[in-house]
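# Architecture at a glance
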2 protein chains.
Amino acid sequence: MRESQEYDKYAHEPFAVTVDLAVFTIRDGALHVLLVERGQEPYAGQWALPGGFVLPDESAESAAQRELAEETGLADVSGLHLEQVRTYSDPGRDPRMRVVSVAFAALVPDLPEARAGGDAAGAAWLPYGPAAYRPLAFDHDRILGDAYDRIRAKLEYTGLATAFCPPEFTLGELRQVYEAVWGAELDPANFRRKVVGTAGLVEAIPGAARLTGGRGKPAALFRAGTATALHPPLLRPTPEGPSS
Amino acid sequence: MRESQEYDKYAHEPFAVTVDLAVFTIRDGALHVLLVERGQEPYAGQWALPGGFVLPDESAESAAQRELAEETGLADVSGLHLEQVRTYSDPGRDPRMRVVSVAFAALVPDLPEARAGGDAAGAAWLPYGPAAYRPLAFDHDRILGDAYDRIRAKLEYTGLATAFCPPEFTLGELRQVYEAVWGAELDPANFRRKVVGTAGLVEAIPGAARLTGGRGKPAALFRAGTATALHPPLLRPTPEGPSS
DNA sequence: TCTCTTTATGGTCCTGTTGACTATAAAGAG
DNA sequence: CTCTTTATAGTCAACAGGACCATAAAGAGA
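None of these values were measured; they are calculated from a predicted model.

If you check the shell around DNA strand C, you find 26 residues, and the closest are Arg192, Thr212 and Ala220 of chain A together with Asn190 and Arg193 of chain B. Within 4 Å of the protein, the atoms of DNA strand C are drawn from sugar and phosphate moieties in a proportion of 61%. In this structure, a base nitrogen belonging to DNA strand C sits 2.8 Å away from a side-chain N or O atom of Arg193 of chain B. The contact in question runs from a base nitrogen of DNA strand C to an N or O atom on the backbone of Lys217 of chain B, over 3.5 Å. At the level of elements, α4 (171-182), α5 (188-197) and β10 (219-224) of chain A together with α5 (188-197) of chain B are the ones that each hand at least two residues to the surface near DNA strand C. Its residues assigned to classes, the surface near DNA strand C comprises 8 nonpolar, 8 polar and 10 charged.

Pasting the structure below:
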């Protein structure tokens, strides 16, 4: 990117740029990820992250949005959370050619069904974890792990969890998001105190109430707040070891 | 990355892949960044982040390490902190051609002097901030801002600050890192209590002591600890607004 | 209808963390 | 010798957060 002669030297190296998407949702109280089944070699028959090429006239973000719409079947994905995770560029990561892939994490509310994109044999929401669909094709195990680490950490210090919820949600539903992603149970009363007490995290909808799980007292409804950063953060319980 | 015919279609599009580096250090108690002066159009005479092409047989990480060694003049950069920030891929970000750039943030202890790389008119450590060297070439203002945001946030919940320090340092020097990056003063006694009380952040070197600023009581020496994540984090003072 | 279960929500108690502050130690400057 | 500077120990009060209890309000099942 510095000198003209360098452009002559490297400009036409066969670099392909793709995007890979780790699309998460909460389904039945558990974290799920959208995967596609590969129809062709290499890795035919294995599961992989959805993705595709970045076209010459679009950014990686545009390509990711396009792919997300394609895979989820939604016409408008502008309201969904879509964020870049990192870029994978090991020379041997695709046996066919030199492919640099920009990975994204997407968070969506529970959707009716997965749709197989045009370039995949099948698509499905599968529970996240060390499950039977592993290993994924290419370096997608690592990409998926990195994407999960990112969202798990961001739940602590951002209002990201609301991206998993519909526009109006109860605090019980929001708590289930944290519990599903972190794999830990949270005390409902303490969770409520913290969430309601944090300015800008959620916004109460006056008078509105709805049943959460078909049983129990109807819960008040909330909307996502405007705060992006949480100070202090909503720490998850003993992830690796407290200080003392 | 899915189907063979897609490779035929897109593989030879003129995508160039580069790395751009935001190299930070603490100098005279202030955060500095390594910049190079462009010798050629476009943006000739303006400051830019150091960087260069990713070669066909290397990853973006390898390219970043190579560039870091080149710009700092160090033979071995394996001990330095170098981390991917994000990837910039807007179609128009380089007026000459389609360039996708993977940005990195590097943290180094104070180094003797900057060295102009082969492809730059000059190189210098300049104080970070809204200074006279702005605007930078290309979209480097945004890249530099994103890299700064990343390290500022990571100081809170990781032991990253030790990457700015030499192998043996005093707590006063470590505190200056936080103060320089955050632009806020920290209470020395409280800082010490927190840092020493956090398992794995720093490790005392028994018996060793050294003067910090030429004056005052000699301070005990510490080494970087093994902890990467801090629980609970070392929060910086009132960044945008406390909860209550 | 009555009771049990379930979920929501408000409150209390206790402990650990943290900011503000004071005091003392140990060096150089003048 | 005194003042300034930095390091380091300690105290105190406010606050946040985990554990826990109590009550409200719904459906399920007898």
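Before going further, it helps to examine the nonpolar core. One finds Phe24, Phe164, Leu174, Tyr178 and Val181 of chain A to be the most contacted residues of the largest nonpolar core, which totals 44 residues. Secondary-structure elements contributing two or more residues to this core are β1 (16-27), β2 (30-37), β5 (81-88), β6 (99-107), β7 (122-127), α3 (140-157), α4 and α5 of chain A. Among the elements that line this core, the one with the most residues is α4 of chain A, at 7 residues. Lining this core are residues from two domains, each supplying at least three of them: domain 1 (16-155) and domain 2 (159-224) of chain A. Once you skip the residues sitting within four places of it in the chain, Tyr178 of chain A turns out to touch Leu155, Thr158, Ala161, Gly183, Leu186, Phe191 and Leu234 of chain A. Formed by 43 residues, the second largest nonpolar core is a distinct cluster that contains Ala147, Phe169, Val202 and Phe222 of chain B.

Residue and element names in this part refer to chain A. Summed over the entire model, instances satisfying the criterion amount to 11 aromatic pairs over all chains. Three or more aromatic residues joined by ring pairs form one cluster here, namely Phe24, Tyr128 and Tyr148. Across from the ring centre of Tyr88, 4.9 Å away, lies the NZ or CZ of Arg86, which sits over that ring.

Right, let's get into the domain arrangement of chain A. Residues and elements named next belong to chain A. Taken domain by domain, chain A comprises domain 1 (16-155) and domain 2 (159-224). Taking only C-alpha atoms into account, the centre of domain 1 sits 27 Å from that of domain 2. Opposite the 16 residues of domain 1 that make contact, domain 2 presents 12 residues. Each partner contributes to the roughly 1,200 Å² buried at the junction of domain 1 and domain 2, and carbon and sulfur atoms together form 75% of this total. If you sort the residues of domain 1 by the area they bury against domain 2, Ile26, Leu107 and Leu155 come out on top, with a joint share of 49%.

This part takes up the environment of Pro166 of chain A. Take Pro166 of chain A: it is sitting in the loop between α3 and β8 (169-170). Spatially, the C-alpha atom of Pro166 of chain A lies 21 Å from that of Gly183 of chain A, the residues being 17 residues apart in sequence.

We now examine the sheet that holds β8 of chain A. Residues and elements named next belong to chain A. Read from one edge of the open sheet, 3 strands run β8-β10-β9, paired in antiparallel fashion. The open sheet terminates on both sides in strands that have one partner only, identified here as β8 and β9 (202-210). In this structure, β8 lies alongside β10, joined through 2 bridges in antiparallel fashion. The partner of Phe169 across the bridge, within β10, is Phe222.

Turning our eyes to something else, we now look at the sheet that holds strand β10 (residues 219-224) of chain B. Paired through backbone hydrogen bonds, the strands of a sheet run either parallel or antiparallel to each other. The 3 strands lie next to each other as β8-β10-β9 (chain B), forming an open sheet whose pairing is antiparallel. With one partner strand each, in any of the chains shown, β8 (169-170) and β9 (202-210) of chain B form the two edges of the open sheet.

Conventions and cut-offs
- Residues numbered from 1 in each chain as written.
- Chains lettered and ligands numbered in written order.
- Predicted model: local features only at pLDDT ≥ 70, side-chain atom pairs only at ≥ 80, totals over all residues.
- Heavy atoms only, no water.
- Near = heavy atom within 4 Å.
- Polar contact = N/O pair within 3.5 Å; in protein donor to acceptor, adjacent residues only side chain to side chain.
- Helix = DSSP H or I, 4+ residues; strand = E, 2+ residues; numbered from the N terminus.
- Nonpolar A, V, L, I, M, F, W, Y, C, P; charged D, E, K, R; others polar.
- Core = buried A, V, L, I, M, F, W, Y, C linked by side-chain atoms within 4.5 Å.
- Buried < 20%, exposed > 50% of the residue type's maximum accessible area, 1.4 Å probe, protein only.
- Domains from an automatic or database assignment.
- Contact = heavy atoms within 4.5 Å.
- Phe/Tyr/Trp six-rings, centres within 6.5 Å; stacked < 30°, edge-to-face > 60°.
- Lys NZ or Arg CZ within 6 Å of the ring centre and 35° of its normal.
- Buried area = accessible area lost by both parts, 1.4 Å probe.
- Pairing = 2+ DSSP bridges.

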